[in-house]
Amino acid sequence: FLGSTALLEVSELSQIALERARTRTAREAITVMGQLAERHGYYSAEWDLQRAGLDMVLGEAGEALTVTDPLEAWVFHILPDDTGTSAVWVSSRGIMNE
């Protein structure tokens, strides 16, 4: 939005988390994505509907990702913050069946 200085979108956050050599677990990947979004800002995707004949742009409010490793599964939810400079995020660990 206007005045936003956010630098990262969800695909960029997940790519960075996967590329980090020290990120070996789902828990570490979640932490990396959350800390980067807080520090550098998160912006959500926009859908320009002018191609469909509508004069509007819709913004997504946030995203949810499932991040897993052999031992744990996590759900990561993220939203842009009201200032356009950070992010609001939360994660929860799922239960793995053995």
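Residues numbered from 1 in each chain as written. Predicted model: local features only at pLDDT ≥ 70, side-chain atom pairs only at ≥ 80, totals over all residues. Heavy atoms only, no water.

Student: Describe the nonpolar core, with residues and values.
Tutor: Ranked by size, the top nonpolar core spans 17 residues in total, and within it L13, I30, M33, A37, Y42, V67 and I78 carry the most contacts. At the level of secondary structure, the elements contributing two or more residues to this core comprise helix 1 (10–19), helix 2 (26–40) and strand 4 (73–80). When residues of this core are assigned to their parent elements, the largest contribution, seven residues, is made by helix 2. (Core = buried A, V, L, I, M, F, W, Y, C linked by side-chain atoms within 4.5 Å. Buried < 20%, exposed > 50% of the residue type's maximum accessible area, 1.4 Å probe, protein only. Helix = DSSP H or I, 4+ residues; strand = E, 2+ residues; numbered from the N terminus.)

Student: Tell me about the packing of aromatic side chains, and name the residues and values.
Tutor: Scanning the model with the defined rule gives one aromatic pair in all. For the pair F76 and W89, a centre-to-centre distance of 5.6 Å together with 40° between the ring planes defines the contact as tilted. With a gap of 13 residues between them, F76 in strand 4 and W89 in strand 5 (residues 87–93) connect regions that are remote in the sequence. The exposure class assigned to F76 is buried, which follows from its relative accessible area of 0%. A relative accessible area of 25% places W89 in the partly exposed class. (Phe/Tyr/Trp six-rings, centres within 6.5 Å; stacked < 30°, edge-to-face > 60°.)

Student: I'd like a rundown of the environment of A17, residues and numbers included.
Tutor: Structurally, the position occupied by A17 is in helix 1. For A17, a relative accessible area of 4% corresponds to the buried category. Residues A17 and E28, 11 residues apart in the sequence, show an inter-C-alpha distance of 8.2 Å. Leave out the neighbours within four places in its chain, and A17 touches T23, A29, V32 and M33. (Contact = heavy atoms within 4.5 Å.)

Student: Let's hear about the pattern of salt bridges: which residues, and what values?
Tutor: As enumerated under the stated definition, the model contains two salt bridges in all. A salt bridge links E72 to R93; the nearest nitrogen and oxygen atoms lie 3.8 Å apart. Residue E72 is located in the loop between strand 3 (63–68) and strand 4, and its partner R93 is located in strand 5; the two are separated by 21 residues in the primary sequence. Look at the salt bridges and you will find they share partners, linking R27, E72 and R93 into a network. (Salt bridge = Lys/Arg side-chain N within 4 Å of Asp/Glu carboxyl O.)

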